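# Breakdown of the fold
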Amino acid sequence: MKRLRFNQQEIVFAVFAVLFLAFSIFLRGFLTPENMLTLLQNVAVLGILGLAMALVVIGRGIDISLIAALAVPPGLVLQMVQNGHSLPASLLTAVLLTIAFGLVNGWLIAYAEVPSLFATLATGLLLAGLGQAALFQLDVVQWSDGMQGFERLGQGTILGIPTSIVMFAIACVVVAFLLRQTRWGAYIYAIGDNPYAARVTGIPSRPIIVLQYVVAALIGCFAGLVMAASVNSMPTRVFNSTLIYDVILVVVLGGIGLSGGRGGVLNVIIGTLLIGTMLNGMTIMDISYAGQNLVKGVVLLLAVITDSFLNPRNEETAQQGDI
Amino acid sequence: MRDTLTSLRYRYWPDHLLGEILSKRWTETAIPVILLLIVGFALSRSIDHFLSPASLADTARQAGEIGFIGLGMALVVIVGGIDLSVGSIFALTDFCALYLLDVLNWPVPAVVVATLACGALLGAVNGVLIGYLRLRAFITTLITLIIYRSAFDLLIQRYSNSIAAAFPDIPSWNFIGGGDVLGIPSVALVYIAIAIFGHIFMTRLRPGWHITAIGGSRRSAYNSGIPVRRTIALCYVASGALTSIAALFFAARLGTVGGDIGVGLEVIVLTATVLGGITLGGGKGSVAKSLVGVLIVLLITNGLTTLNARGGINRMALAGILLIAAMVDIRWQKNRTRIISKVYVAPTYHALPPPPATEIGQGGPFEQNDKLRDVELIGLGRIEAPEDVILDRNNNLYAGSRHGDIMRFFAPDYQRMEVFAHIGGQPLGMAFDRQDNLYVCIGGMGLYRITPDGTVEKATDETNRSMHSVNDDSRLRLADDLDITDDGLIFFSEATVRYEMDEWPIDGLEARGNGRIICYDTKTGATHTALRGLKFPNGICVASDGQSILFAETFGCSIKRLWFAGPKKGQVEVVMDNLPGYPDNINLASDGNYWLALVGMRSPSLDLAWKMPGFRRRMAKRVPVDEWLFPNINTGCVVKFNEQGKILESFWDLRGENHPMITSMREHRGYLYLGGIMNNRIGRYKLDNVDPNFVQYDKRWGKLS
């Protein structure tokens, strides 16, 4: 008898469907057009970050510093405009800072061979510390007059769809194009699948890994701009929140294996929908922030355990230092 | 003038120490310790009262608390994992202790036990998930970090007021929090006790070895039957329990449950662990490294706080240190052997005068001839690398082979061959004692004894450790040749203490006095080093006077005499120097003189290079090994010399076909038997005008009765 096997994507989608159905039936006010838009709007930033994380995770890395990239360069834009610089100049500075940050990450991981987890953990702290110590005057950088018009990146609608969702959609299309249509994307899959084989094949793995982190940081910065535009300020303390765990949750739940080489944009969308539904439902049920975190954590744990039972790791091929 | 300066510089500057120190395992701990001293010194200069007892006691309290978590993290990292949930476990167990004490009013011992159990339980969740279910350590502990943290948040929402309202005044609880013994805080005492146990556990007990083995190679550990899953799980339990100990002291010291307790603690502890030199990915680490890392991180963060640095700067400093430490650690682990092999070779200055002439027509005792042209060949193609040859009193011929055997060729025609004894290492010099036991120097193993019936026994493989040597020189690396005195002392040479058997030519490149002569007493079984600092001591022969030995220094190109008895006991004098080649084994000749093998002839290029240590060091660093300038050992000769060091006769093979390469020779009943370490044959040369009944060991030990 053929054993019934599901992959994680199908399971998560099923869970999402069940959850969505249950909420629709039992939660008053869940299945309304307004709530649906709110749900999507709330998870748009998370989704964009998820795309950045997906890019890195597919290439067998992880980027803990995404939240720093989300908070600091957009915060710098707001701060510089507040201090009287022009918006384009501020944006350019922020983008350059982001690229430099991505290059540092990439260099540490690809050339200095520091495990991505530690490299990004430390660079994230470094960038956040830099922002805190040298760039921002207050923890929340306020919107100023010079930013006039920029808030449309996160507010209002385009063709009746909230802009932040459009931004998420644009990011999805761009990342999907990068991953599926360009040679660079194919190389990322190759490196994630087997870095040694990729290098032997002649793929310039190191520059590609660097590029991967630069692009991830840029996407993170983009998410930060959308976020700042939608709330008219940049709360830089977001770095201290558990947002990065939500991002990892999106990627892992969506079915992008942490061992790399698998998954794509669709997985991010599914993961984002599930998390969005879960958070939205819990908010309607009036569960506290800590309670929501608890539920998220338990769900994530169950997902990872299920994954390990469906796709067990082999003791013989488990890599040393594979933490 | 320049030569004098070079010679002085290389005589007194210990170049060789750098490579030897770097190859020691403890250098990996030494670097963080030096960093700690630098940080401590810098801070004590910039902050007043930094080293005052009160300040130190305060630091010790914090160090103790973080130190416990550091020990747990070290354990988990050594086993090949990581524990990010320590900050949340810390917060939860801190809450647990205060809740039990303040709200439920439990007695202190019960609180301690329950808190430890709570920590172990929280760790056990990680342990079961990672050890038994084999989830990834990073992602799993990240999830439990969130879960434990949100549980903590939910709990303090309900109980923080009742905990804050209580002011327990229990002496034992206060002692845990703020007590000290002779000025040492209670937490530091407990830490010291646990650290000492931890050190013994990791280095001396079986479970500790299992942990290191799993971290080093999980697969090999699994295949060799170590309970991988259980051991890993227990490491996480231990990490949880150690964290709860820290939380207990913290709770007793401050008695609060603020919302941000333990937030970011995992980063601090992780930084400390990596900074201490505990390798990410497992297999390497120690309690000392963990302690040093914790101290460095704590000094830096405390110092920055005292210096009123902004929060962001503190964070950046921590992150920067973590990055640099991880980078250095990874690069060092990756390139360690390469760096050591580059700096290990440390050539020194070695000047020799121009050698005596050997060309035909120049005259002199070394004048080349073709006497060995027609040597008879024994065992051609059947024996490999007979460094030394020896004949017993029944005329049988023995020779070592590269495969670790002693071969025996039977008299009278030496056609029949058998393996006399299997040893396992390459046999070099050989000598018979009075009872016909064959003593053999085995490269890489030591001095061995083979009884006449072929039983192999170890005589000695170690000598006294010298105090000033960095390398462990108690082990015998390259025992080379030996001879036995009438009193049963065996003098044997150890060519070098810096290189292994397979690397011996590199010692010639160094030309430092790395070798020594060791004495083994067959009566007492004791071994001691008789003479040090010799340039590749090689052949050894007891002189006719019975009070001294003659020994050859291969790369010193000289023969010296060491008195081991009589009025000159302990003195060394030069018998011959500036030989045109590299002397090897020395043996008795029938006329009371000595045979000497020159394994290779000197060349002007190497003679020049020996005067240029810098050139040889650059060569060793930049050129691949097989292109280095090595001493020539392809063509040599046999010479005969007398007691005064005068060369009497020389024997060459000019065509280089039969026997150009010679490391040893033995005279026996009118023939000279020749061995060579690169040869696949043993040579036999008919001597003219010699005693046809000469048997070396009959002469030494008396006729067989």
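Throughout what follows, the structure given in this document is the object of discussion. This is a predicted model, so every value here is computed, not measured. Every chain's residues receive numbers from 1 upward, in the order its sequence appears when written. All chains are assigned letters beginning with A, and all ligands numbers beginning with 1, in the order in which they are written. Residue-level local features of this predicted model are given only where pLDDT is at least 70; pairs of side-chain atoms are given and counted only at 80 or more, and the full residue set underlies all totals for whole chains, interfaces and linings.

### Side note on the overall build of chain B
What counts here: Strands are runs of DSSP state E lasting at least 2 residues, helices are runs of H or I lasting at least 4, and numbering of each runs from the N terminus. The atom set for the radius of gyration is the C-alpha atoms, and the globule formula is 2.2 Å times the number of residues raised to the power 0.38. Here a residue counts as buried when 20 or more other C-beta atoms fall within 10 Å of its C-beta, as exposed when 12 or fewer do, and as partly exposed in between; the C-beta atoms come from the backbone. Contact between two residues is assigned when their C-beta atoms, built from the backbone, lie within 7 Å.
A count of helices and strands for chain B gives 19 helices and 26 strands. For 705 residues, the compact-globule formula gives about 27 Å, and the C-alpha radius of gyration of chain B, at 35 Å, lies well above that figure. By principal-axis analysis of the C-alpha atoms, chain B measures approximately 110 × 60 × 45 Å. Considering chain B as a whole, with its 705 residues, one finds that 49% of them fall into the buried category. Counting only contacts in chain B whose residues sit at least 6 apart along the sequence, the fraction spanning at least 24 positions is 64%.

### Things to note about the interface of chain B and chain A
Of the residues lining the interface, 41 residues belong to chain B; the matching set on chain A comes to 42 residues. Contributions of two or more residues to the side of chain B that touches chain A are made by α7 (137-165), α11 (218-223) and α15 (311-344) of chain B. By residue number, the principal contributor to the side of chain B that touches chain A is α15 of chain B, which donates 13 residues.

### Looking at helix α3 (residues 66-82) of chain A
All names here are of chain A. As a reminder, the rule being used: Here a helix's expected span is defined as the number of its residues, less one, multiplied by 1.5 Å.
Taking 1.5 Å per residue as the helical rise, α3 with its 17 residues ought to reach 24 Å, and the 24 Å between its terminal C-alpha atoms agrees with that figure. Taken across its 17 residues, α3 has 16 buried, putting it largely inside the fold. Directly beyond the C-terminal end of α3, a positive phi value near 105 degrees is found at G84.

### A word on the packing of helix α6 (residues 163-181) of chain A against helix α9 (residues 205-231) of chain A
All names here are of chain A. What counts here: Angles shown run from 0 to 180 degrees and are taken between the N-to-C directions of axes, each axis being a line fitted to C-alpha atoms and, for helices, limited to the stretch in contact. Put simply, angles under 35 degrees are roughly parallel, angles over 145 are roughly antiparallel, angles from 65 to 115 are roughly perpendicular, and the rest are oblique.
At their nearest, the axes of α6 and α9 sit 11 Å apart, and the two run at 170 degrees to each other. When the axes of α6 and α9 are compared, the pair comes out roughly antiparallel. Counting all contacts with α6, which are made through S164, M167 and A171, the residues of α9 involved are I219, F222, V226 and S230.

### Quick look at the environment of Q435 of chain B
Residue and element names in this part refer to chain B. Within the secondary structure layout, Q435 lies in the loop between β8 (426-432) and β9 (438-443). For Q435, a count of 9 C-beta atoms within 10 Å puts it in the exposed group. Expressed as a C-alpha distance, the spacing of Q435 and T451, which sit 16 residues apart in the sequence, is 8.6 Å.

### A closer look at the environment of S224 of chain B
Position of S224 of chain B relative to the elements: it lies in the loop between α11 and α12 (228-254). Taking C-alpha positions, S224 of chain B is 9.9 Å from A213 of chain B, a pair spaced 11 residues apart along the chain.

### Structural notes on the environment of S544 of chain B
All names here are of chain B. When you line up the elements, S544 lands in the loop between β16 (537-542) and β17 (548-553). When the 14 C-beta atoms within 10 Å are taken as the criterion, S544 is described as partly exposed. Residue contacts for S544: discarding those within four places in its chain leaves G592 and E643.

### Regarding the packing of helix α4 (residues 53-78) of chain B against helix α9 (residues 186-204) of chain B
Residues and elements named next belong to chain B. Stated formally: What makes a crossing left-handed is the near helix being turned counterclockwise from the far one by less than a right angle; a clockwise turn instead makes it right-handed. Residue polarity is assigned by list, with Asp, Glu, Lys and Arg as charged and Ala, Val, Leu, Ile, Met, Phe, Trp, Tyr, Cys and Pro as nonpolar; anything else, Gly included, falls into the polar class.
Relative to each other, α4 and α9 sit at 30 degrees, their axes nearing to 8 Å. It follows that α4 is roughly parallel to α9 by the angle criterion. The interaxial crossing formed by α4 with α9 has left-handed handedness. Taken together, the residues of α9 that come into contact with α4 (itself represented by A60, R61, G64, E65, G67, F68 and L71) are V187, A188, Y191, I194, A195 and G198. Considering only residue class, the contact of α4 with α9 consists of 8 nonpolar, 3 polar and 2 charged.

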